[in-house]
Amino acid sequence: SYLEELEDQPLRPDKWLNIKVPSGYAGFSAERKADFVIEMIVPWYVSFFSTWLDYGKADARVLFLDYDEFCATPAANLESVLAHSRIPRSLQQCQAALDEVWKERAAFRYNKGVSGRGRTRFTASQMDRMRRIMDYYADLESIAGRLIPA
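Throughout what follows, the structure given in this document is the object of discussion. Keep in mind that what you see is a predicted model, and the values were worked out from it rather than measured.

**Describing helix α4 (residues 74–84)**
Since there are 3.6 residues in each turn of an α-helix, residues three or four apart along the chain are aligned in direction. For α4, every residue scored as buried is listed here: Ala75, Asn77, Leu78 and Leu82. Axial view of α4: buried residues confined to an arc of 160°, hence all on one face. Looking at the buried residues of α4, the elements they touch are α3 (67–72) and α5 (91–103). Just beyond α4, the residue with positive phi is Arg86, at close to 60°.

**Side note on the environment of Cys94**
With respect to the element layout, Cys94 can be found in helix α5. Taking relative accessible area as the criterion, Cys94 reaches 1% and is therefore assigned buried. It is 9.0 Å that separates the C-alpha atoms of Cys94 and Asn77, two residues lying 17 residues apart in sequence. For Cys94, the residues in contact, after removing those within four places along its chain, are Ala75, Leu78, Glu79, Leu82 and Arg89.

**Description of the packing of helix α2 (residues 30–58) against helix α7 (residues 124–134)**
Running from amino to carboxyl end, α2 crosses α7 at an angle of 15°, the nearest separation of the two axes being 10 Å. Comparing their axes, α7 and α2 come out roughly parallel. As α2 runs across α7, the sense of the crossing is right-handed. Packed against α2, whose contacting residues are Glu31, Ala34, Asp35, Ile38, Glu39, Val42, Pro43 and Val46, the element α7 presents Gln126, Arg129, Met130, Ile133 and Met134 at the interface. Among the residues forming the contact of α2 with α7, the class breakdown is eight nonpolar, one polar and four charged.

**Quick look at the nonpolar core**
Among the nonpolar cores identified, the biggest contains 20 residues, and Val42, Val46, Phe122, Met130 and Leu140 are the most heavily contacted of them. Of all the secondary structure elements, the ones that give two or more residues to this core are α2 and α7. Ranked by residue count, the leading element in this core is α2, at eight residues. Residues contacting Leu140, with those up to four places away along its chain left out, are Val46, Phe49, Ser50, Leu53 and Met134.

The rules behind each value
- Residues numbered from 1 in each chain as written.
- Predicted model: local features only at pLDDT ≥ 70, side-chain atom pairs only at ≥ 80, totals over all residues.
- Heavy atoms only, no water.
- Buried < 20%, exposed > 50% of the residue type's maximum accessible area, 1.4 Å probe, protein only.
- Helix = DSSP H or I, 4+ residues; strand = E, 2+ residues; numbered from the N terminus.
- Arc of directions from axis to C-beta.
- Contact = heavy atoms within 4.5 Å.
- Axes fitted to C-alpha atoms, helices over the stretch in contact; angles between N-to-C directions.
- Parallel < 35°, antiparallel > 145°, perpendicular 65-115°, else oblique.
- Left-handed = near helix turned anticlockwise from the far one by under 90°.
- Nonpolar A, V, L, I, M, F, W, Y, C, P; charged D, E, K, R; others polar.
- Core = buried A, V, L, I, M, F, W, Y, C linked by side-chain atoms within 4.5 Å.

Right, here's the structure in full:
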């Protein structure tokens, strides 16, 4: 997902995620771009997920969502999120809101939402490198397969 985000105008700072994208990025090979993401961005994401898992154990305000479930039933998941946030809305209201926003998705940095597409973007050795980075965080073991597909 982030690799695709960087394909279009990678040097725009609003595309960056806690790192500066090097000026030569656009000329990198696909493999080098993937290596850049693994070495510079994956460690940040892994730490981010681990921090939120810790925080979620201690604070009932945190609600974890499953991406595939959200994609399968977005209105029901939105209804659940709003109820959890003490802003209850009916399933019909949630569906209507999603229908309205969907028309304008390009204005909201819409993510294509293709689960597991990393399998085609990263080599087996690159996936292994990402798994090794995750190995430092034992608390991620239960979700490792969802973050980096086998």
